[in-house]
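Architecture at a glance
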Amino acid sequence: MEKLRLGVLGSGKGSNYRAIQEAILHGELAAEARLVISDVEGAGILDAARRYAVRAEYVAPGRFRTKLEPEAEERVVNLLREAGVELVVLAGYMRMIKEPLLEAYPGRIINIHPSLLPAFPGLDAWKQALAAGVAETGCTVHYVDRGMDTGPIIAQRRVPVLPGDTAETLHARIQVAEHEVYPEVVRRIAVGPMR
Ligand code: GRF
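Attention in this report is confined to the structure presented alongside it. Given the structure is predicted, the values throughout are model-derived calculations rather than measurements.

Moving on: the overall build of the protein chain. Along its length, the protein chain carries six helices and seven strands. Each helix and strand of the protein chain, ordered N terminal to C terminal, gives the series β-α-β-α-β-α-β-α-β-α-β-β-α. At 16 Å, the protein chain has a C-alpha radius of gyration in line with the 16 Å of a compact globule built from 195 residues. Counting only C-alpha atoms, the protein chain reaches 50 × 40 × 30 Å along its principal axes. Counting over 195 residues, the protein chain shows a buried share of 50%. For the protein chain, the accessible surface area stands at approximately 9,300 Å², while carbon and sulfur atoms represent 52% of it. Averaging the locations of the 24 positively and 25 negatively charged side chains of the protein chain gives two centres separated by 1 Å.

Here it is as structure tokens:
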């Protein structure tokens, strides 16, 4: 079977990317990460990519805080296209996706978010859940559209909020669920009708 060619975008430590890469290495996922792109020069996700001998590219974001400058996003699109990427995987990518990328990859960009969307979109969703006093939160994999954490939901995992939880313990529990569900969703797409 042809491997699904992935392009991964991330701004942080890259644990979700590593979970996907490990699933590939263990033969559980017929995919190949063609390149990893970050808007943060020293991001752990770029080091992780290099350790897996995957191409790692830093793209300077430009003058905005919440999105890439249009020229920077065009550069991302060019890098993805040149690498033959079929599916764009956002893994801890902290900026909004705008037209150049949305138009280049319609219905082919996915994201993981640390809450049961539509609850708690936006930043630090696990802290929002803690502050709201809910008994249960989780994570969501969804297609990316113009909104913030609003695209069609593909899969969710539930995670309990336990007595005595701190932001750190709750996020860590959510991340365990993320590392299961994200490779699983990519696997489903790799064997699904998109191919
Ligand atoms: C995850 O909690 C993810 O849901 C959110 O950002 C975090 C990224 O973590 N979008 P990592 O960089 O994959 O470790």
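A few words now on the site of the ligand. G12, K13, G14, S15, N16, G92, I112, H113, P114, H171, Q175 and E178 make up every residue found near the ligand. One of the side-chain nitrogen or oxygen atoms of K13 is found 3.1 Å away from an oxygen atom of the ligand. At a separation of 3.2 Å, an oxygen atom of the ligand approaches a polar side-chain atom of Q175. Protein burial of the ligand: of its 370 Å² of free accessible surface, 90% is covered by the chains. Secondary structure elements with two or more residues in the shell around the ligand: α1 (15-25), β5 (109-113) and α6 (167-191). In the shell around the ligand, the residues fall into two nonpolar, eight polar and two charged.

Rules behind the numbers
- Residues numbered from 1 in each chain as written.
- Predicted model: local features only at pLDDT ≥ 70, side-chain atom pairs only at ≥ 80, totals over all residues.
- Heavy atoms only, no water.
- Helix = DSSP H or I, 4+ residues; strand = E, 2+ residues; numbered from the N terminus.
- Rg over C-alpha atoms; globule rule 2.2 N^0.38 Å.
- Buried < 20%, exposed > 50% of the residue type's maximum accessible area, 1.4 Å probe, protein only.
- Areas by Shrake-Rupley, 256 points an atom, 1.4 Å probe, with all protein chains shown as cover.
- Lys, Arg positive; Asp, Glu negative; His and termini not counted.
- Charge placed at Lys NZ, Arg CZ, Asp CG, Glu CD.
- Near = heavy atom within 4 Å.
- Polar contact = N/O pair within 3.5 Å; in protein donor to acceptor, adjacent residues only side chain to side chain.
- Nonpolar A, V, L, I, M, F, W, Y, C, P; charged D, E, K, R; others polar.

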